[in-house]
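Architecture and fold: a report
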Amino acid sequence: MIAMSGFTGFENPTKPYLENNLDLGELIHHPAATFVYIKSDTDNCGLIGSSDWVIIDAALTPEAKDLVLVEQFGEQAVIPLSRINALDSELQVIGVAVAIIRFHQNPLPVPTGNLQASLHRLLLPSSETSFIAVAQGNRMMPFGIHNGSLTVVERHVDYKDGDIAIVYHQNQFACRQLNLSAGTLDDGVGKQVPITRPFAVEGVVTKTILQLRHLVS
């Protein structure tokens, strides 16, 4: 399930986020030292997809549970800090991974210029027809949607078979993959639920942000 706004007369649990003017630019704490990393062919970090953005902050001091971007012999990869051997003299820690942004539709090119100033507008292009929700539970984790992930939900996007969407079904809101050809709602762990009425698609999940360091609240 997902904490989200209700567009059919229900109370809006995301109201506090709207009142606090949530800005995804808050993911960037050190603009001059922060950049986007795209997974390389030699990077086998299973948490990162091929088109994901990994926000790297080179100004942070790595902590025990951090993922860090490292470079060795000209090749880069994201690994847990705990995997670094003190004897790896050729390995250079470049920065700390603070967030992973997954694009479920139409990956964006890596921005140039001030990332802090542009990130919110890039990820949430239409504030009038989009909202940010917080994922609850790990049933959609195989799609890259982890418990606590921020999800960008866009109501103006036409949904289609295979999309991940916020739906109102069986008197509750949930994040599910639309399997319209089979008439089911699917989660990431293999459970399929037949679509019955009342049913509504409240918006398409186009992006998710997994905070590796809690920066936005």
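Check the entry above for the structure.
Here's a quick rundown of the structure. Source: prediction; values computed, not measured.

This next bit is on the environment of lysine 160. If you trace the backbone, lysine 160 turns up in the loop between strand S8 (150-154) and strand S9 (164-169). Accessibility expressed as a relative area gives 46% for lysine 160, which makes it partly exposed. Residues lysine 160 and glutamine 177, 17 residues apart in the sequence, show an inter-C-alpha distance of 9.9 Å. For lysine 160, the contacting residues outside a window of four places in its chain are Gln105, Leu178 and Leu180.

Residue placement: histidine 169 occurs in strand S9. On the basis of relative accessible area, histidine 169 is assigned to the buried category, the value being 6%. Non-local contacts of histidine 169, meaning those with residues more than four positions away in its chain, are made with Leu185, Val193, Pro194, Ile195, Thr196, Pro198 and Phe199.

Counted under the stated rule, the structure contains seven salt bridges. A salt bridge links aspartate 52 to arginine 102, with the shortest nitrogen-to-oxygen separation between them at 2.9 Å. With a gap of 50 residues between them, aspartate 52 in the loop between strand S2 (34-37) and strand S3 (53-57) and arginine 102 in strand S6 (residues 92-103) connect regions that are remote in the sequence. Here lysine 207 makes a salt bridge to glutamate 154, at a shortest N to O gap of 2.9 Å. In this pair, lysine 207 sits in strand S13 (residues 199-211) while glutamate 154 sits in strand S8, placing the two residues 53 residues apart along the sequence. Exposure class is identical for lysine 207 and glutamate 154. Each is buried. Three or more residues joined by partner-sharing salt bridges are found here, namely Glu63, Asp66 and Arg213.

Counting across every chain of the model gives two aromatic pairs. Geometrically, the ring pair formed by tryptophan 53 and phenylalanine 103 is edge-to-face, given 5.0 Å between the ring centres and 70° between the ring planes. With tryptophan 53 in strand S3 and phenylalanine 103 in strand S6, this residue pair connects regions lying 50 residues apart in the sequence. We note that tryptophan 53, like phenylalanine 103, is buried. For the ring pair tyrosine 168 and phenylalanine 173, a centre distance of 5.1 Å and an interplane angle of 55° mean the geometry is tilted. Taking relative accessible area as the criterion, phenylalanine 173 reaches 12% and is therefore assigned buried.

About the cut-offs
- Residues numbered from 1 in each chain as written.
- Predicted model: local features only at pLDDT ≥ 70, side-chain atom pairs only at ≥ 80, totals over all residues.
- Heavy atoms only, no water.
- Helix = DSSP H or I, 4+ residues; strand = E, 2+ residues; numbered from the N terminus.
- Buried < 20%, exposed > 50% of the residue type's maximum accessible area, 1.4 Å probe, protein only.
- Contact = heavy atoms within 4.5 Å.
- Salt bridge = Lys/Arg side-chain N within 4 Å of Asp/Glu carboxyl O.
- Phe/Tyr/Trp six-rings, centres within 6.5 Å; stacked < 30°, edge-to-face > 60°.

Purely spatial values, then, with no claim about function.
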